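Here is how the chains run, residue by residue.
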Amino acid sequence: MTSEESVLDGPDELDDFSELDSDYEASLKPRARRKQAEPEPQPPKRPRRTAAPRVAPSPHSGPTSSHLQQQPRSHRASRQVSPRPVTAVTGRIQDLTAQDIYDSVSSGRGAMSALVDEWLDSYKRSREAGLLVLINFIVRSCGCRGVVSQEMFDSMENAEIISTLTKEFNEDSVDYPLSTPGPQLRRLKAGLCEFVKVLVRSCQNSIVYDEYLFPSLLALLTGLSDSQVRAFRHTSTLLAMKLMTGLVEVSAAAFLQLQTAQRRYDTEKSKRVQDRALDRLQETVSELRENCEELSSMMNTTFRGVFVHRYRDRLVDIRATCMEELGVWLRTDPKEFLNDGYLKYLGWTLYDKQSPVRLQCVRALQGLYQEKEFIGRLELFTSRFKERMLSMVLDKDLDVAVETVKLLLLIHQMTEEGFTEDECGHIYPLVYASPRPLSSAAGTFLYDKLKSVIASPGKETEKRNNAAFFQILISFYICSEFHEHGAYLVDSLWAVAGSELRDWETMTALLLQDSGLTYEDEGALIELMTCAMRQASQATPPVGRTQGKKVLNMKDKKTQEQDRKRLTNHFMPLLPPLLAKYSADAVNLKCLLRAPLYFELEMYSSAQALEKHLDLLLLQLSDIVKKHTEGTVLDACAKVFSALCSDRYTFCSRARRTVSRLMDHLTERFSSYLNELLEGAAEEDEEYSAATALKRIAALSCANDSTGWKLLDSCLEILKSRLESRELNNELMVAALKCAGLHLMWAKVNAVNSTPPEAELKPLKKEVRVFSRLCQTCLSVNQTEIRDQAFELLCDLLLLYSVGSVSSTPALQTLSLLPSDSLCSELSAFLLDFIFTDAEDAELDGSEEEMKMKLLQKKRNQLAGYCKLVIYGVLDLTAATNIFKHYNSKYFKDFGDIIKETVSKSKLINPVLSARVVCLSLQQLFSEMLTEGHSRKDLNEISESAKRLAMSFGIDLHRVRKPMMTLHMDGIRFAFRSSQEEGEEEQHPHLDFLEILTEFTFKLLPQDRAQLVVFLKSQCPPAALSWPSVRLYRRSLEHHASAKSKEVEEDQDTGSLLLSPLPKRKRTSAQGSAASTIRGSWLSSNSISSGAHPPPLTSTARKEQTLPPNGARRAEESDAGGALTEVDSEEEFSSRVQMRKLNTTRRRHLPPSSSRTPSTVEPEDLNAHLNLLSLMEEANEQDEEPEIEDFESDFSGHETGYTLPSTRTTSVMDELFD
């Protein structure tokens, strides 16, 4: 098995090797099993045969071991205890049965060593009886009801025994012990592994060399692993691999003993002749060498007899077990296994279609790369499979991707060349990935890379090292070009670089001192610093990166509290200077103004010295409000003022006085220009000053009650005058709308809290109605900012002053605001003209991606506001038709989650009316299609929308019975609406609507379908029953009723066919049955796979009836379950890896909305989902795991092999880093 030996030359030879399985199986079985009348006497010293050295797995040598075929019986019995006849077995030995061993192993109770010792006692008394108990234990572990009797054991070969057991196998169920889910499976699997481990350890000094137990056991396991029965194949492969692992450990220990004995022999040989004592040492060395050769022979035959076939088995667990144990062999006995002949199996299986197998491969490689002395032997493997390992960081299975990143980190640390920057570029972007385990692993890789870049020529202090670390991190953040995502980068690095990211002193020193940072560097550092403050203060991941249901323990909470106090103590005196330095920079101010929200604000009142810093902070906030007009900066200031004015703090009165003085200043400034604005005599500068003052007031009003400054009348007058004169100033009008709307919202809050008399509410009621009419007028203006602001304020006010909001307080019911019909029409028109349209997107070119994202965020907010009006009953449920009819592929990515949630909520409000609205929305789409010109493409798009809407009704057909009947009856009436007036087929324009209704027929119960058939006949004239659309709809109703019985019959027929074997051939896609064809209209939107499942087991007795004779049958049986084929020989392994052919299939999938978390319609929840990562939705049409076809040696067909592609699919990261 050394690297100099030959390896598998190719898949052709592998297929030839598979034909030898039956002969190989017989050769391992001892030739004579009949009972002996008299045991043969042992010779004084056993003549040892010369075992062939172990070679790397090659089919040329065949799976048989020549010494097992040629060795005399007396030699095989040299090391064993004298056998006794089975008839002489005492009752004590017979007490331990196969069932007893199975019960003890499966329960997990009792000491495994005691169980093995008890069995060994029986084996020493009678080899045949003990081995028979062990064989029946293996059969029982497979779940087989059959028992191997003494007569079968004596007279049959292994193949005949397995065939007999197969006939007795329980085929009533597909389950067997190792397939049973739950804790029972874990206990049984752990028990079997422990039993084999203890058995080998107990036999390692004597019985393992008796040439009876282990060869017989391995021969049986090899035959079982080649069975068509999955239970036999799975269980025997697990036991064989664990047995192989035990033998590898024994072989490694024996080799160490041989080396020690050889050194002692060489030392003794170097002495003078008269002082030598070589006879005893020479005998010991010879015996140890023979032991190693015998172990090597057993391992070699087991590897080629079981592993070489089963590592490509169709069953995932079998392939994963083979890869897991191969990793153990490579680590335990590197001198024999750690070469390209065995490493190639790990490399090939990195391309496996199933993630558990790839995961075991990656974990096995991690164990190898952890050892420094293995790196030299892994150089060829690393160079050949580096590209594949780098691509696996985007594996669709999260665990595989995470473990691959950890593996790449080991390779980078342990190898001298490491990875180039281009290769590291595969891993760097993962720090911004949504899954936290993957981003944390990538953060560890990035941290190791950044620390290695820091030059340390001398003994530097920690502070200087941290400063260098921040400079490199800033460069990476800027070069990554993912600005505004610093929170994700910090969260990825927090576990490994938490000490550096908590170094507030170094960060503030770099900002306040002349450290040579550029403007861009300072902005990046401020962003990372505020993100680190948030992480330390809140200890929560950023939006879109969840950490499961992890709850902070007491230690974590204490650490979080200490971090919060520490950063508060540090930043309280330094935040005002930072704000003063960047007071003119809106971008950096927006970040710095988030810092007070992470403070322990109560500490401002803990000492008199800190109150001075509070005054400085309030002064800086006031100056920022007076200087800036950017909405983001003003909103940030308003949030800080709101936090400082909270009643929880004793210093809140000081903050409120500051806000009051600021509001007085801004109100006075606005009032000074009011008369000129109303008279139309204001100049441009005066309009700008008034607009900026009103904008600042509106920003502060978002977090503070502004009703005391009586600005509502002034704002309403400005709006009236401007709308009448049509002199629209965007900034002035938007600020006036926002200020007036916030005034009315605060007035409602105050009214709820104080409950004033009805006389005092009449002015407020009048003001609300006047403002709503002004907003309605603004909906028709051509200024986008004014129109959008008016729509959003109308949605909020209609909800806040709705009948439902004041129903619990009778005194406030006079304030209820009901939308007029004209207002409802205006809102609906806005929805169609400015939300469900691509006009604004078309105006933006591809380079303005950020503007497109902001526009999409605005549209989602507006759509959510309108949906809330429908859900809370402000608008009639029929107003949702304009929403439902856009539930299609065109708008699904942008608005699908909001529309889906609205559809679900409407069904809770009124299921029947919701179904009528769904039907009405489809009718409107159909009518629009007729006006624009009938086409099959348009009809298919409407059918797609109908299919999505049908899936929203759920799976409980009894619950949706009445709504479905109502929907179908409304649809039938619509289809024949003109039939009472016109009598000819061409005069019925709505007949094709019945094709759309067929998308809802699978939601009907059988008795309802029969009623609908009768209703259909009553609504259409007799001649219409032969028209295509009517026949299609009627057939869908009738066939769904009869499809159930047909499916049952066909499933029974299919089941009987599946039990019959098929000759080995290239896999082709199965033709759909009649039932599957009938269900095709709705199965395409389900996650139900249409392909027939392979039979769980097939009895050998049935296979023998159709299998070809002789070698062809043996070749087919030997490859049962083989889904992967070996690639070419060592020559090709050294050059490139040839992969096998695939037949990729697409998984039938649900609409993408089914995998999306339904977004609520609350504003804060919507805003939480409007970040860049959440808007870039992962594509839901994922490729199914490709089915790897059986290998065919000739490629002369019309299909050619191609390289196996990556198993990952398009994801958020692909879109994000494209």
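All of these numbers come straight from a predicted model, not from anything done at the bench. (Residues numbered from 1 in each chain as written. Predicted model: local features only at pLDDT ≥ 70, side-chain atom pairs only at ≥ 80, totals over all residues. Heavy atoms only, no water.)

**Some thoughts on the packing of helix α13 (residues 230-269) against helix α14 (residues 278-310)**
The contact between α13 and α14 brings their axes to 8 Å, and the two run at 155 degrees. In this view, α13 runs roughly antiparallel relative to α14, as classed from their interaxial angle. For the crossing formed where α13 meets α14, the hand is left-handed. When its residues are assigned to classes, the contact of α13 with α14 shows 22 nonpolar, seven polar and six charged. (Axes fitted to C-alpha atoms, helices over the stretch in contact; angles between N-to-C directions. Helix = DSSP H or I, 4+ residues; strand = E, 2+ residues; numbered from the N terminus. Parallel < 35°, antiparallel > 145°, perpendicular 65-115°, else oblique. Left-handed = near helix turned anticlockwise from the far one by under 90°. Nonpolar A, V, L, I, M, F, W, Y, C, P; charged D, E, K, R; others polar.)

**Quick notes on the environment of Val-431**
Residue position: Val-431 is located in the loop between α21 (421-424) and α22 (436-453). Here the alpha-carbon distance between Val-431 and Thr-444, two residues 13 residues apart in the chain, equals 9.2 Å. In contact with Val-431, not counting residues within four places along its chain, are Ser-439, Ala-442, Gly-443, Leu-446, Phe-476, Tyr-488, Leu-489, Ser-492 and Arg-545. (Contact = heavy atoms within 4.5 Å.)

**With respect to the packing of aromatic side chains**
With the rule as written, the count across this model stands at 31 aromatic pairs. Judged by centre distance (6.1 Å) and plane angle (65 degrees), the rings of Phe-303 and Trp-329 are edge-to-face. Highlighted residues: Phe-303 in helix α14 and Trp-329 in helix α15 (residues 316-332), separated in sequence by 26 residues. Considered together, Phe-303 and Trp-329 belong to a single accessibility category, that of buried residues. Measuring from centroid to centroid gives 5.9 Å for Phe-469 and Phe-470, while their planes differ by 65 degrees, and the two rings are edge-to-face. Considered together, Phe-469 and Phe-470 belong to a single accessibility category, that of buried residues. Connected via pairs of aromatic rings, a cluster forms that spans Phe-303, Phe-307, Tyr-311, Trp-329, Phe-337, Tyr-342, Tyr-345 and Trp-348. Positioned above the aromatic ring of Phe-834, the side-chain terminus of Arg-787 is 3.8 Å from the ring centre. (Phe/Tyr/Trp six-rings, centres within 6.5 Å; stacked < 30°, edge-to-face > 60°. Buried < 20%, exposed > 50% of the residue type's maximum accessible area, 1.4 Å probe, protein only. Lys NZ or Arg CZ within 6 Å of the ring centre and 35° of its normal.)

**With respect to a negative patch on the surface**
On the surface, Asp-100, Asp-103, Asp-117, Glu-118 and Asp-121 cluster together to form a negatively charged patch. Put simply, the parts of the chain that give the negative patch at least two residues each are α6 (98-107) and α7 (112-125). Structurally, Glu-118 can be placed in helix α7. (Patch = residues over 30% accessible without salt bridge, like charges linked within 9 Å, V, L, I, M, F, W, Y side chains within 5 Å. Areas by Shrake-Rupley, 256 points an atom, 1.4 Å probe, with all protein chains shown as cover. Salt bridge = Lys/Arg side-chain N within 4 Å of Asp/Glu carboxyl O. Lys, Arg positive; Asp, Glu negative; His and termini not counted. Charge placed at Lys NZ, Arg CZ, Asp CG, Glu CD.)

**As for the pattern of salt bridges**
Under the criterion given, the structure shown has 35 salt bridges. In this structure, the salt-bridge partner of Lys-565 is Glu-561, at a minimum N-O distance of 3.4 Å. Of the two residues, Lys-565 and Glu-561 are both situated in helix α27 (residues 554-581); the distance of four residues between them amounts to about one turn of the helix. With its nearest N and O atoms 3.4 Å apart, the salt bridge here joins Glu-611 to Arg-654. In this pair, Glu-611 sits in helix α29 (residues 608-627) while Arg-654 sits in helix α31 (residues 652-671), placing the two residues 43 residues apart along the sequence. A relative accessible area of 27% places Glu-611 in the partly exposed class. By sharing partners, the salt bridges in this structure join Asp-226, Arg-233, Arg-310 and Asp-313 into a single network.

**Digging into helix α12 (residues 213-225)**
Quick reminder: α-helices carry 3.6 residues per turn. Residues three or four places apart thus point the same way. Between its first and last C-alpha atoms α12 spans 18 Å; for 13 residues at 1.5 Å apiece the expected length is 18 Å, and the two agree. Buried residues dominate α12, accounting for 13 of its 13 residues. (Expected span 1.5 Å × (residues − 1).)

**A look at the side chain of Arg-722**
Here Arg-722 is to be found in helix α34 (residues 712-725). What Arg-722 contacts, discounting residues up to four positions off in sequence, is Leu-677, Glu-687, Glu-727, Leu-728, Leu-732 and Met-733.

**Structural notes on the packing of α12 against α13**
A pair of packed helices is characterised by two quantities: the angle between their axes and the separation of those axes. Running from N to C, α12 and α13 point in directions that differ by 145 degrees, and their axes come no closer than 8 Å. Considering how the two elements wind past one another, α12 and α13 form a crossing that is left-handed. Judged by residue contacts, Phe-214, Leu-217, Leu-218, Leu-221, Leu-224 and Ser-225 of α12 engage Phe-232, Arg-233, Ser-236, Thr-237, Leu-239, Ala-240, Leu-243 and Leu-247 from α13. For the contact of α12 with α13, the residue count by class is 10 nonpolar, three polar and one charged.

Function cannot be inferred from these measures alone, as they are strictly geometric.
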